[in-house]
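Next come the chains, spelled out residue by residue.
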Amino acid sequence: MLNSISERFHRWAKGWLVIVMLILDALFMGYVMPACGAIMALLANNSVTPLDLMFYYTPAEAFDMISQYGDAGRAFYRNVELTADIIYPVIYTIFYGVLISWLFNRAFKPDSKMKKLNVMPVGAWLFDLLENTGIVSMLSVFPTQPAIIAWATMAFGLIKWTFAILSIVLSLVGLVMALKNGFKKQE
């Protein structure tokens, strides 16, 4: 399955699609998600941090934050997790998948094992969705505080961030190597 996804990303690796996905990613990262965070803070009457932007937290910290969100903040956050935060992972997964593929097609020979690493963003997508499921669960059952769900959600988030950071590192490696090769597609 990962081979199929890798091949698809390589087929989709067109400059125009990289640019379109960059614009969509920038729109979500620079406007949609910050706007959602600002609305959530307004509803909670304080400056709050969404759980999915944190690297680590204990169950006690998670449920303290969820308590601070208030009823309106919890309801809004839950809706964001079930809408925008399902769309955004798809966008960044496709963006990084085609970006890494486009760069790696110019950085490495066609038979290079490195080219299969273009699936790294899929790991971020998978664990982001698992994290979102945990967050929605915690928001939905509050004031109940199931520690196991909080620990699992935090772990999913940490793994998501690891895959996301590795995707960025792979993009930089691809950029450096593509620059070295003059951005010529490797045959």
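Up top is the structure these notes are about.
These numbers were taken from a predicted model, which means no experiment stands behind them.

1. A look at the environment of Gly 73
Link 1 in the chain: Relative to the assigned elements, Gly 73 resides in helix H3 (residues 59-82).
Link 2 in the chain: Residue classification places Gly 73 among the buried residues on the basis of a relative accessible area of 0%.
Link 3 in the chain: Expressed as a C-alpha distance, the spacing of Gly 73 and Ile 39, which sit 34 residues apart in the sequence, is 8.3 Å.
Link 4 in the chain: Apart from residues no more than four positions distant in its own chain, Gly 73 is found in contact with Met 40 and Leu 43.

2. Some remarks on the nonpolar core
Link 1 in the chain: Core analysis: the largest hydrophobic core is formed by 25 residues, its most contacted members being Phe 95, Leu 99 and Phe 104.
Link 2 in the chain: Elements represented by at least two residues in this core include exactly helix H2 (15-44), helix H4 (84-107), helix H5 (120-141) and helix H6 (147-180).
Link 3 in the chain: When near neighbours in sequence (up to four residues on either side) are disregarded, Phe 95 contacts Val 18, Met 21, Leu 22 and Asp 25.

3. A closer look at H6
Link 1 in the chain: The terminal C-alpha atoms of H6 lie 49 Å apart, and with 34 residues this matches the ideal 50 Å at 1.5 Å per residue to within 8%.
Link 2 in the chain: Within two residues after H6, Gly 182 carries a phi angle of roughly 70 degrees, on the positive side.

4. Here's the deal with the layout of surface pockets
Link 1 in the chain: Of the voids in this model, the largest pocket is the one considered here, and its volume is about 630 Å³.
Link 2 in the chain: Contributing to the lining of the largest pocket are 26 residues, with Met 29, Leu 53, Tyr 88, Tyr 92 and Trp 161 lying nearest its centre.
Link 3 in the chain: Elements with a contribution of two residues or more to the lining of the largest pocket: H2, H3, H4, H5 and H6.
Link 4 in the chain: Taken together, the residues that form the lining of the largest pocket break down as 18 nonpolar, 2 polar and 6 charged.
Link 5 in the chain: Of the volumes computed, that of the second largest pocket is approximately 210 Å³.
Link 6 in the chain: Along the walls of the second largest pocket sit Ser 4, Ile 5, Arg 8, Phe 9, Trp 12, Val 90, Thr 93, Ile 94, Val 122 and Trp 125, which together make up its complete lining.
Link 7 in the chain: Listing elements by their share of the lining of the second largest pocket, those giving two or more residues are helix H1 (2-12), H4 and H5.
Link 8 in the chain: Per-class residue counts for the lining of the second largest pocket are 7 nonpolar, 2 polar and 1 charged.

Conventions and cut-offs
- Residues numbered from 1 in each chain as written.
- Predicted model: local features only at pLDDT ≥ 70, side-chain atom pairs only at ≥ 80, totals over all residues.
- Heavy atoms only, no water.
- Helix = DSSP H or I, 4+ residues; strand = E, 2+ residues; numbered from the N terminus.
- Buried < 20%, exposed > 50% of the residue type's maximum accessible area, 1.4 Å probe, protein only.
- Contact = heavy atoms within 4.5 Å.
- Core = buried A, V, L, I, M, F, W, Y, C linked by side-chain atoms within 4.5 Å.
- Expected span 1.5 Å × (residues − 1).
- 1 Å grid on protein atoms, 1.4 Å probe; cavity = no way out; pocket = protein on both sides within 12 Å on 5 of 7 lines; lining within 4 Å.
- Points joined across faces, edges and corners; volume = space filled by probe spheres on them.
- Nonpolar A, V, L, I, M, F, W, Y, C, P; charged D, E, K, R; others polar.

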